[in-house]
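Residues per chain are reported as follows:
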Amino acid sequence: MAEFKRPSGRGMTEIRKMSAKVGVIPNADGSAMFSFGDTIAIAAVYGPRLLHPQHMQDPSTAILRVNYDLLSFSVYERKKPGPSRRSQEISKVTEWALLPVLDLKEFPNTVIDVQVYILQADAGTRTAGINAASLALAHAGIPMKNLVTSISVGKQDKNIVVDLDKDEEDYEEGEGATDFPIAKVANSDEYTLLQLDGKIEPSEVKKALTIADEACEKVYEVQKRALKEVVEQ
Ligand code: ADP
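Residues numbered from 1 in each chain as written. Predicted model: local features only at pLDDT ≥ 70, side-chain atom pairs only at ≥ 80, totals over all residues. Heavy atoms only, no water.

### A few points about the packing of aromatic side chains
Tallied over the entire structure, the rule returns 2 aromatic pairs. Here the aromatic rings of F4 and Y171 are separated by 6.0 Å at their centres, their planes lie at 90°, and the arrangement is edge-to-face. Separated by 167 residues along the polypeptide, F4 in the segment before β1 (18-22) and Y171 in the loop between α3 (166-169) and β8 (177-185) bring together distant segments of the chain. For the pair F4 and Y171, one class covers both residues: buried. Consider the rings of F34 and F36, whose centres lie 5.1 Å apart with planes at 70°: the pair is edge-to-face. (Phe/Tyr/Trp six-rings, centres within 6.5 Å; stacked < 30°, edge-to-face > 60°. Helix = DSSP H or I, 4+ residues; strand = E, 2+ residues; numbered from the N terminus. Buried < 20%, exposed > 50% of the residue type's maximum accessible area, 1.4 Å probe, protein only.)

The structure is reproduced here in structure tokens:
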């Protein structure tokens, strides 16, 4: 049987070229860009600021509010602007992925708004968005126990691969493609996002997570470097 090759030509555990930059939006309280190949996400943090209307305030904590948007021009066929079920889902899972690292008790009655915009999409936008948002929150000086790192593992036919691009997500040969995006607290075993689009055998989950863990360490290195650059400036 011929050896399986990814359509992108990458190795099974090879991540697309990553890049990150902190402080890309001067008017925001914190901001960052994170990219996996042709997928580019920017995140901007505004707050903590007093939440209006007042009846929504929580006197024991700040509220985290994430808004994810795949911009119209980010994909080849212009996408209808505005919120969708997909964007609402990704906003919510991004919020849940970030909350476990944040200490929001210091800012009662306030809101922290995180805007995640996808400038260019080639799959993996939720994972790039989470990486950018985590950096932007750190840049805004919100107390965090660590960064959140995120990547997608998946399957193409029977092979476990890391960081699927759009062509790979659309792979239709054999058993097709599976997308398994995860997020975790850096340097820990604490997962803050586990989603699954497609099928994976229970026996393969452990292997997929081991590959994801190793990939997350590489994501973390890129994130740390970007934060260091801004501190040095
Ligand atoms: P993720 O971007 O996190 O992998 P999805 O699996 O929902 O999330 O989307 C996969 C990819 O499909 C996106 O990254 C994007 O490239 C493409 N895509 C999603 N929504 C649209 C859309 N409305 N129009 C065109 N392409 C889209």
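Don't stop here, the text continues.
### Points about the sheet that holds strand β4 (residues 63-70)
The sheet built from 5 strands is open, its strands ordered β1-β2-β3-β5-β4 with mixed pairing. With partners counted over all chains shown, the strands left at the sheet margins are β1 and β4, one partner each. On average, adjacent strands in this sheet sit at an angle of 15° to one another, irrespective of strand direction. Where strand β2 (residues 30-36) lies against strand β3 (residues 39-50), 7 bridges are found, and the strand directions are antiparallel. In the sheet register, G30 faces β3, and the bridge partner there is V45. In this fold helix α4 (residues 202-232) packs onto β1 and β2, with an angle of close to 30° to the strand it touches most, β1. (Pairing = 2+ DSSP bridges. Axes fitted to C-alpha atoms, helices over the stretch in contact; angles between N-to-C directions. Contact = heavy atoms within 4.5 Å.)

### A short note on the site of the ligand
Close contacts around the ligand come from 13 residues, with R86, A123, G124, T125 and R126 the closest. Within the backbone of A123, an N or O atom sits 2.9 Å from an oxygen atom of the ligand. At a separation of 2.9 Å, an oxygen atom of the ligand approaches a polar backbone atom of G124. Mapped onto the shell around the ligand, the elements with two or more residues apiece are α2 (125-139) and α3. Counted by class, the shell around the ligand contains 4 nonpolar, 2 polar and 7 charged residues. (Near = heavy atom within 4 Å. Polar contact = N/O pair within 3.5 Å; in protein donor to acceptor, adjacent residues only side chain to side chain. Nonpolar A, V, L, I, M, F, W, Y, C, P; charged D, E, K, R; others polar.)

### Topic: the packing of α2 against α4
Following both chains from N to C, one finds α2 and α4 inclined at 35°, their axes separated by 11 Å at the closest point. When the axes of α2 and α4 are compared, the crossing they make is right-handed. Between α2 and α4, the residues in contact are N131, S134, L135, A138 and H139 and V219, Q223, L227 and V230, respectively. Across the contact of α2 with α4, the residue classes break down as 5 nonpolar, 4 polar and no charged. (Left-handed = near helix turned anticlockwise from the far one by under 90°.)

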